[in-house]
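# A closer look at the structure
This is what each chain is made of:
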Amino acid sequence: MTFERRIFNFSAGPSTVPEEVLKQAQAELLNWHGLGTSVMEISHRSKDFMAVYEEVLHDLRTLMNIPDSYEILLLQGGGIGQNAGIPMNLMALGKNGPKADFLVTGIWSEKSRQEAEKYGVAHLVASSATEQFNTIPARDSWDLSDDAAYLHYCSNETIGGVEFPDTPEVGDRLLVADISSNILSKEMDISKGAVWFGGAQKNIGPSGVTIVVVRKDLLGHSMKITPSIWDWGKQAANQSMVNTPPTFSIYMAGLGFKWLLKQGGVKVIEQRNQEKANLLYDFIDQSTLYENRVNKVYRSRMNATFFLRDESLNDAFLSQSKAAGLLALRGHKAAGGMRASIYNAMPLEGVIALVEFMRDFERRA
Ligand SMILES: *Cc1c(COP(=O)(O)O)cnc(C)c1O
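Fair warning: this is a prediction, and the values are worked out from it, not measured in the lab.

### So, the UniProt feature "binding site: pyridoxal 5'-phosphate" (unreviewed entry) in the protein
UniProt feature "binding site: pyridoxal 5'-phosphate" (unreviewed entry): in the numbering of this structure it lies at Trp-108, Thr-158, Asp-178, Gln-201, Asn-243 and Thr-244. The annotated residues occupy 137 residues of the chain and do not converge on a single region, their most distant C-alpha atoms lying 29.4 Å apart. Checked against the element boundaries, Thr-158 lands in the loop between strand S6 (156-157) and strand S7 (162-163). You can call Thr-158 buried: its relative accessible area is 4%. Not counting residues within four places of it along the chain, the set of residues in contact with Thr-158 comprises Ala-12, Trp-108, Ser-181, Asn-303, Arg-339 and Tyr-343. With respect to the helices and strands, the residue Asp-178 is situated in strand S8 (residues 175-178). Asp-178 sits in the buried class, given a relative accessible area of 6%.

In structure tokens, the structure reads:
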């Protein structure tokens, strides 16, 4: 099957990028800013690239409303890399040795907990595993420890489609938030967390760059074994250039930030995201063929998971949706069923087209 641009791509990540951004990158690919070269071919330390880099930091700080007391690091290795980076940089702050608390609400937070076990005690505060990760454990059931360096949670579980409606209140404990799949999708009060991290490939642009926003007073506590590229203090002192940064991904993220600013910023995109999610969930809820199994209060606005009650129709659903130009609706293999990732760059028209297809498929089923 071959397609014309633009189909609607519901991939969980890497995922759809605004057409305007792709067109701008295409237009300036061969001759960027009249330099006679592309941006990917110049030194990361050149004044031209440093200008891009500074603007990226500035725009991100504006969009996320990041206070000056927080450092922004642009690293590599993704969220998975930070699953090791975070404990190496923070776990030593545990009162009785390296220790951190983990709230497990899905596959991603459990993965983070398991990686952290290599560096110290990774204490399970609460888990929704027995409820198939379809909900978030009640706040009064959390077994928080008094000697942990921080509490790690995943603000949006990309695989299960479970999202925290608000940042959890944890008093003066250090909160570490995995925002890989809902970064910039809604307003977040950065001052409520110690660390916010996530890759660019879901809500920003192509993969390659990982954003770590960390309170400045928490730099400099890394374990001795920490590799230099994973050491936040060293990276902060070297403008995140301890090694050669992913310059093209940073440039693309910058175009993504400009696009978002042009839309009106995070507040505006948040409303649009809510509208898209409501449209899809409202349709699913009145349907007799499709069902979403997540506790309604915790349904993700980014990754809408759903099942066909008659699973023998799964293959037909996937092949027909693809033929209709609606790509990548298969759920993660660990969860089964379907998943529509409707990040910032997915236009409302994409969700309307999806709902129309689903309605039509149900009628014919
Ligand atoms: C995608 C994702 C990750 C992993 O990101 P990588 O860039 O593959 O390392 C981690 N956490 C969450 C919630 C994710 O959605």
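### A look at the site of the ligand
In the vicinity of the ligand there are 13 residues, among which Ile-80, Thr-158, Asp-178, Gln-201 and Lys-202 approach most closely. Within the side chain of Asp-178, a nitrogen or oxygen atom sits 2.7 Å from a nitrogen atom of the ligand. At 2.6 Å, a side-chain N or O of Lys-202 approaches an oxygen atom of the ligand. A per-element tally of the shell around the ligand places helix H3 (residues 78-90) first, with three residues. In terms of residue class, the shell around the ligand is made up of three nonpolar, eight polar and two charged.

### Brief notes about the pattern of salt bridges
Tallied over the full model, the rule gives 20 salt bridges. The salt bridge partner of Lys-23 is Glu-19, with a shortest N-O separation of 3.1 Å. Of the two residues, Lys-23 and Glu-19 are both situated in helix H1 (residues 19-27); the distance of four residues between them amounts to about one turn of the helix. With its nearest N and O atoms 3.8 Å apart, the salt bridge here joins Arg-309 to Glu-291. Linking Arg-309 in the loop between strand S12 (303-308) and helix H8 (314-323) with Glu-291 in strand S11 (residues 290-291), this pair joins segments that are 18 residues apart in sequence.

The rules behind each value
- Residues numbered from 1 in each chain as written.
- Predicted model: local features only at pLDDT ≥ 70, side-chain atom pairs only at ≥ 80, totals over all residues.
- Heavy atoms only, no water.
- UniProt positions renumbered as here; feature names shortened; annotations may be inferred.
- Helix = DSSP H or I, 4+ residues; strand = E, 2+ residues; numbered from the N terminus.
- Buried < 20%, exposed > 50% of the residue type's maximum accessible area, 1.4 Å probe, protein only.
- Contact = heavy atoms within 4.5 Å.
- Near = heavy atom within 4 Å.
- Polar contact = N/O pair within 3.5 Å; in protein donor to acceptor, adjacent residues only side chain to side chain.
- Nonpolar A, V, L, I, M, F, W, Y, C, P; charged D, E, K, R; others polar.
- Salt bridge = Lys/Arg side-chain N within 4 Å of Asp/Glu carboxyl O.

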